[in-house]
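# Architecture at a glance
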Amino acid sequence: GNYDASAPCHKSCLSKTGMNVFSQSMMARFNRTKFYLKQRELFLLQIDRELTNLTKRASKRSQKENRHIQAYARLNGLADQRIDKWKIDTKTLFERHPNIQFYDYTKMPHYALAMMSNDKFSDGLAFPNYHVTFSMQGVWDAKTKERKGV
């Protein structure tokens with residue numbers, strides 16, 4: 001199904017808040033999407049490198065400040081992609097980067113529930129370093145709720 005944001009949510013919180021108000025952010029988002037669609041393997045390798053670098057930066061900062069610095073990553077900005085399916089050499093990014101706490105928001109209630117359990121939806125895997133929050137905003141009528149599975 002199509003899991004686009006509701007009109008009020010899109011207008012109020014998604015594509016036009018924070019740094020996303022700038023055209024450079026919109027162009028970067030467009031370019032990342034194009035890269036994802038046209039060169040999926042290279043895209044995943046690039047993300048994997050960026051996550052490795054994030055872990056290294058957190059580790060260096062932890063040593064410098066003599067305290068634990070947790071690395072966090074949110075891979076889904078606006079797309080609601082099934083990132084639990086993104087794999088390199090049979091491992092998900094969550095498995096390849098166990099020291100990173102991944103987080104996400106979704107409009108798909110079944111996805112949020114599956115990621116909180118060992119549901120078949122996620123191939124029997126719940127990832128301890130991946131937290132998904134179900135996010136719903138705006139006024140939905142009964143037909144929209146039925147379509148979304150709420």
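You'll find the structure just up there.
So, here is what we can say about the structure in this document. These figures come from a predicted structure and were not determined experimentally.

Attention now moves to the overall build of the protein. Within the protein, the secondary structure is distributed over six helices and five strands. Moving toward the C terminus, one meets the helices and strands of the protein in the order α-α-α-β-β-β-α-β-α-β-α. Residue burial in the protein is summarised as follows: out of 150 residues, 30% are buried. A separation threshold of at least 6 residues defines the contact pool for the protein, and within that pool the share at least 24 residues apart is 66%. When the accessible surface of the protein is summed, it comes to about 10,100 Å², and 53% of that surface belongs to carbon and sulfur atoms.

Position of D104 among the secondary structure elements: in strand 4 (residues 100–106). Excluding anything up to four places from it in sequence, D104 contacts R74, N76, I83, Y130, H131, V132 and T133. There is a polar contact of 2.9 Å between the side chain of D104 and the side chain of Y130.

About the thresholds
Residues numbered from 1 in each chain as written. Predicted model: local features only at pLDDT ≥ 70, side-chain atom pairs only at ≥ 80, totals over all residues. Heavy atoms only, no water. Helix = DSSP H or I, 4+ residues; strand = E, 2+ residues; numbered from the N terminus. Buried < 20%, exposed > 50% of the residue type's maximum accessible area, 1.4 Å probe, protein only. Contact = heavy atoms within 4.5 Å. Areas by Shrake-Rupley, 256 points an atom, 1.4 Å probe, with all protein chains shown as cover. Polar contact = N/O pair within 3.5 Å; in protein donor to acceptor, adjacent residues only side chain to side chain.

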